[in-house]
Amino acid sequence: MQACLVSRSLLLSLIVLSSITAHEDGVNSAHCNCGAQAPGDIEIGFIWPIHYKVNNIQDRIRPELFTCSFFDLESFMTSLGAIYEIEVINAAGLLPGVRLGYLMCDTCSHASKALQSVEHMLSIHHSPTATCGYIDFRPKVKMFLGALHSEVAVTVSRLLNVYMMSSASSSPKLSDKIHYPVFFRTVPSDKHQMKAIAKLMNYYGWNWVGIVYEDGEYGRGAFQSFLDDAADSNVCLAYQEILPHSENPPYSLQYIQRVSQQIISSSAQVVLLILRPELVEALFKEMIRTHTTRTWISTEAWSQSSLVSKMEGINMVGDILGLTFISHKSKAFDNYLTNLIATPGGNNSFIEEYKNLRFNCTPECFSVKPPPHCPPPQLLKIKSPNACNMEDPHTQNDAYLVNYLDTSSALASREAVWALAYALQKLLKCNSSMCSGELNFPPWKLLEELKKVKFTFENKTLFFDENGDFVSGYDLIWWEVDGNHRSFQKIGKYAILDKQVRLTVQNVTWISTGNTTAPQSRCSKRCPPGSIKKILNVSCCYTCNPYLVDCKKCPNGTWSLKGWNHCEPRWESYLKWSDPYPITLTTAASFGILLLIVILIIFLVHRDSPPMKRAEVRLSCVMIVGLAVSFASVICFMGKPTVYLCCARHLMYAMGFTLCVSCILVKAFRFFLAFLPFGQMTNRQLHKLYNPPVIVTIITALQVIICLLWMIFDSPYVEGSPPSPQTMKKILQCREGATYIGYGIMLGYIGLLALIGFLLAFKSRKVPHEFSETGYIIFSMLMYLFVWVCFIPVYITNHEEGTAVQASAILVSTYGIIFCHFLPKCYEALRKIKIETLETIVERSLSLTSDSTTDMFDPQMTISTQRTDSFSNLSTTTILGMSGYSSKDNAAASVTNVVAVCLSNPNRLSKTRSNKICTTVRL
């Protein structure tokens, strides 16, 4: 249980009193009122809340001893941290020849009991003598440490200031050196904690929160500090409730129910609780009863309270996060807690009480009606299951404190002892072997050294600032669901020096949302851009109205969309080199150029093979050059467009592809001449036109003229027209001219050449495939025409993607030429596929038609060679020439004067005379 409002907030009290020596009877007298003591040359007075309730305080009339109840396990553990460090210092020889002792009294979390304890320690054997000054007052107890509650610390500090003493707590008012000039603490002031909480709320966007604080020095001081910090962090209060720490249970329950009703009725989903753990427990019980969930912000008073984290139904209250002082575990201290004994030479009744609660066999306390001497039900949970099997509970030990509590919370008390030890080391002039200073010194001298002390403890440098506070920070604690209880997870830090919240764990699962999205707590939703807030009663509550003021003109290069209240630069859109699609296009173009280089090498190496001769190596090389230029034009489509790139991309494609298509047209014209259906005279006249270099030059020259006129009268440019008013994207792309006439004529001219080539090849489609490329020509030209016919509507309807569409069309049509014209020839050349000669083809044709020769060559069917639709000598020579056959092969083939080569199915010709379609070939 955590009985402190400000856990681990420590009291360092320097006493300047009359000269009093603690005699042996004084120690015994101290033992009657103080629960733990150990003798020493210099003694420290501990005032610690080992219990957190004074019995029947409301009925107290006579000034008798206080009786306390409700053993505070966590406060007990932190007191052991201070005692442990005293034993370590004594064993380490930090003060050679000087032994530190202590007296520990229980404040029971009540200021009146604390005053009685302080008075008792000050009056051991003698009472302080009232005097005008205490400059030479030399008591046995030189300092006080403890007073964890702010209310207790403030009350005790007012008393001790009369005697020039110092105390410590986290209340902001105790930093006032006018009223508390000798006040020191090993924790930061609550003003830093409230600033950290306000920044935490701002970090998560919570601007509408409720706050419940305790009616006491700590609660009121922290609340006032939070009000100032909340305004700076744009956080507003939905409500504020004060909860008194009443000793009357029915009266306290009324306040709890009233606060609970306020929480339930409010729209605020985040609640800050500045309360003691026992009040938080009472409030959460009411929340569980009413099935109310919220996001709770804890102060360090209960941020690691086992009393709250292990209560039944804690998972039903919602999310919990908060702050605690920066701390860490110590294995040596954990080992001390596991083997717990009183300091040698001293006594500790608090340890005995704990061991009785833990190990004493009290089965009657678990009955339906337990006897009066039994502890409350929450303390019965401490009981060991093996308690009734142990003989002497005072000799028993286990790891319960280490496993059940967060022992790192004792760090501040341990640091306080070391701060005093290092100040004493300076004051007593200690070296490695002895301390030469006076032991019976007046406490104000220790105060002077304490202000200047700076030391390192567990890899952390510690010192007091001008207000007597330690300069450190806070850990951000998340209450993680752990079965039916909660465990503590550190998810971030708040550094006092830079005043920033830093999360080290981002993805925590929130109970209220069921995922990693933080819940919302706002009075009003955020206004959309372009609207203006109309504040209602507080700054966080408003309505959103359209921004009706006349818009101002944005500066050059910037724009504002509808509803915006600011201007931003438009971002440029084009085919960037780093984008996936441009990378794909560039890769495809580069691969195409490499593929053409490989094809060119294959053609040159196998230029004497029949497949290459039929493909016309020289024409093919010209085609490869044209296709390479076309691939290179695709690269000009990438990057930020300029006028030069716009012209280059179109000119390179126009000239390169025209050069390629002109060569294909020459090939188609050659096959067309071979199978002319005209007379011999017409055939000879057309054959005179077959001059490949001249044809390619003339066709390409016409495209040059078209492009030249296009560049002069309607050249491409980078589009400068303004984008749509409701978009921030500025599209940069080339425009093919103001009228698109030049661009259309250029594409139309290539399309016309492709169409003519397709028609010529189609007319020659019956040429035996051994001598013809008409099939490849037909397919490639159809592919080109199909691609560019599809390009036109896509380009018109999808204006923004026009550049990518053009580049893609160029790639598809160019790869179509490669796959149709070059790869088959490369395959034949590399595989060395045997090409049949003309004689072989004729002989095979004769063998297929031998059965019907008689019917086919009826005398009445003799056809004059002058009237036949056969090849002319010129046409035959063309075929033989393109097929790679020599004149010797031609002479060998002339053994047959007239051969009927039937192009139809021989079987069908034998059945139906009317379907016999033969071509008489004169060799």
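- Looking up the protein in an unreviewed UniProt entry gives the name Olfactory receptor C family, b1, with the organism given as Takifugu rubripes.
- In UniProt, the protein has this text filed under Subcellular location (unreviewed entry): "Cell membrane".

**Some points on the overall build of the protein**
Then comes step 1: Assigned secondary structure in the protein consists of 29 helices and 28 strands.
Then comes step 2: For the protein, the proportion of contacts with a sequence separation of at least 24, taken over those separated by at least 6, is 75%.
Then comes step 3: Accessible surface, the protein as shown: approximately 42,600 Å² in total, 58% of it carbon and sulfur.

**A few points about the pattern of salt bridges**
Then comes step 1: Throughout the structure, instances matching the rule amount to 13 salt bridges.
Then comes step 2: The partner of Glu 85 in a salt bridge is Arg 414, with the nearest N and O atoms 2.6 Å apart. Placement of the pair is Glu 85 in helix α2 (residues 73-92) and Arg 414 in helix α14 (residues 411-427), with a sequence separation of 329 residues. Neither residue differs from the other here; Glu 85 and Arg 414 are each classed as buried.

**Quick word on unusual backbone geometry**
Then comes step 1: In the Ramachandran plot, Asn 234 falls in the positive-phi region, its phi being about 60 degrees despite a non-glycine side chain.
Then comes step 2: By relative accessible area, Asn 234 is classed as exposed at 57%.

**A short note on the nonpolar core**
Then comes step 1: Met 746, Trp 788 and Ile 817 are the most contacted members of the largest nonpolar core, which totals 73 residues.
Then comes step 2: Contributions of two or more residues to this core are made by α16 (580-605), α18 (617-635), α19 (643-674), α21 (692-713), α22 (741-763), α23 (774-797) and α24 (802-831).
Then comes step 3: The leading source of residues in this core is α19, at 16 residues.
Then comes step 4: Setting aside residues up to four positions removed in sequence, Ile 817 forms contacts with Met 623, Leu 627, Phe 657, Cys 660, Ile 664, Ser 780, Met 781 and Phe 822.
Then comes step 5: Within the second largest apolar cluster, 65 residues are counted, among which are Phe 76, Ile 382, Tyr 400 and Cys 430.

**Comments concerning the sheet that holds strand β11 (residues 295-298)**
Then comes step 1: Read across the open sheet, the eight strands follow the order β9-β8-β10-β11-β12-β16-β17-β18; overall the sheet is mixed. The open sheet has two free edges, formed respectively by β9 (236-243) and β18 (500-503), since each of these has just one partner strand. Ignoring which end each strand starts from, the neighbouring axes of this sheet average 25 degrees apart.
Then comes step 2: Pairing between β11 and strand β12 (residues 320-325): three bridges, direction parallel.

**Side note on helix α8 (residues 277-289)**
Then comes step 1: Between the first and last C-alpha of α8 there are 18 Å, a value that for 13 residues agrees with the 18 Å anticipated at 1.5 Å per step.
Then comes step 2: With ten of 13 residues buried, α8 is to be regarded as a mostly interior element.
Then comes step 3: Inspection of α8 places Pro 277, Glu 278, Leu 279, Val 280, Glu 281, Leu 283, Phe 284, Glu 286, Met 287 and Ile 288 among the buried residues, and these make up the whole buried set.
Then comes step 4: Just downstream of α8 lies His 291, where phi reads positive at about 55 degrees.

**As for the UniProt feature "transmembrane region" (unreviewed entry) in the protein**
Then comes step 1: Look at the UniProt record and you will see "transmembrane region" (unreviewed entry) annotated at residues 583-605, 617-640, 652-673, 694-713, 740-762, 774-796 and 802-824.
Then comes step 2: Each end of residues 583-605 is marked by a C-alpha atom, and these two atoms are 33 Å apart; helix forms 100% of the span and strand 0%.
Then comes step 3: A distance of 32 Å separates the end C-alpha atoms of residues 652-673, which is 100% helix and 0% strand.

**Thoughts on the state of the cysteines**
Then comes step 1: The tally for this structure, following the rule as stated, stands at ten disulfides.
Then comes step 2: One disulfide bridge connects Cys 68 with Cys 108, the sulfur atoms lying 1.6 Å from each other. Since a negative S-S torsion denotes a left-handed disulfide, the Cys 68-Cys 108 link at about 95 degrees is right-handed. With a gap of 40 residues between them, Cys 68 in strand β5 (residues 68-71) and Cys 108 in the loop between β6 (100-106) and α3 (111-122) connect regions that are remote in the sequence.
Then comes step 3: The class for Cys 68 is partly exposed, based on a relative accessible area of 24%.
Then comes step 4: Covalently, Cys 646 is tied to Cys 734 through a disulfide, its sulfur atoms 1.8 Å apart. Given an S-S torsion of about -80 degrees, the disulfide between Cys 646 and Cys 734 has left-handed geometry. Taken together, the positions of Cys 646 in helix α19 and Cys 734 in strand β26 (residues 734-735) put the pair 88 residues apart, joining distant regions of the chain.
Then comes step 5: Exposure remark for Cys 646: the relative accessible area of 0% places this residue in the buried category.
Then comes step 6: Of all cysteine sulfurs in the structure, the one in Cys 663 sits closest to Cys 660, which takes part in no disulfide; the separation is 6.8 Å.
Then comes step 7: The buried category is assigned to Cys 660, whose relative accessible area is 0%.

**Focus: the packing of aromatic side chains**
Then comes step 1: Using the criterion set out here, one finds 33 aromatic pairs in the structure.
Then comes step 2: For the ring pair Tyr 213 and Phe 223, a centre distance of 4.3 Å and an interplane angle of 10 degrees mean the geometry is stacked. Of the two residues, Tyr 213 is situated in strand β8 (residues 208-214) and Phe 223 in helix α6 (residues 217-232); the sequence distance between them amounts to ten residues. Phe 223 carries the same exposure label as Tyr 213, and that label is buried.
Then comes step 3: Following the ring pairs from residue to residue traces out a cluster consisting of Tyr 203, Tyr 204, Trp 206, Trp 478 and Trp 510.
Then comes step 4: The ring of Phe 637 carries Arg 649 above its face, with NZ or CZ at 4.3 Å from the centroid.

**Quick look at the environment of Lys 53**
Then comes step 1: Locating Lys 53 in the fold gives a position in strand β4 (residues 51-54).
Then comes step 2: The class of Lys 53 is partly exposed, set by a relative accessible area of 28%.
Then comes step 3: Counting along the chain gives 55 residues from Lys 53 to Cys 108, while the straight-line C-alpha distance between them is 5.5 Å.

**Section: the pairing of strand β3 (residues 42-48)**
It is a general feature of regular strands that their side chains alternate between the two faces of the sheet.
Then comes step 1: Burial analysis of β3 places seven of its seven residues in the buried class, the great majority of the element.
Then comes step 2: Of the two faces of β3, the one carrying Ile 42, Ile 44, Phe 46 and Trp 48 and the one carrying Glu 43, Gly 45 and Ile 47 are both buried.
Then comes step 3: The pairing of β3 with β6 spans seven bridges and is parallel. For Gly 45, the partnering residue across the bridge sits in β6 and is Leu 103.
Then comes step 4: Relative to strand β7 (residues 141-146), β3 runs parallel, the two being bridged by five bridges. For Glu 43, the partnering residue across the bridge sits in β7 and is Val 141.

Parameters and conventions
- Residues numbered from 1 in each chain as written.
- Predicted model: local features only at pLDDT ≥ 70, side-chain atom pairs only at ≥ 80, totals over all residues.
- Heavy atoms only, no water.
- UniProt positions renumbered as here; feature names shortened; annotations may be inferred.
- Helix = DSSP H or I, 4+ residues; strand = E, 2+ residues; numbered from the N terminus.
- Contact = heavy atoms within 4.5 Å.
- Areas by Shrake-Rupley, 256 points an atom, 1.4 Å probe, with all protein chains shown as cover.
- Salt bridge = Lys/Arg side-chain N within 4 Å of Asp/Glu carboxyl O.
- Buried < 20%, exposed > 50% of the residue type's maximum accessible area, 1.4 Å probe, protein only.
- Core = buried A, V, L, I, M, F, W, Y, C linked by side-chain atoms within 4.5 Å.
- Pairing = 2+ DSSP bridges.
- Axes fitted to C-alpha atoms, helices over the stretch in contact; angles between N-to-C directions.
- Expected span 1.5 Å × (residues − 1).
- Disulfide = S-S within 2.5 Å.
- Phe/Tyr/Trp six-rings, centres within 6.5 Å; stacked < 30°, edge-to-face > 60°.
- Lys NZ or Arg CZ within 6 Å of the ring centre and 35° of its normal.

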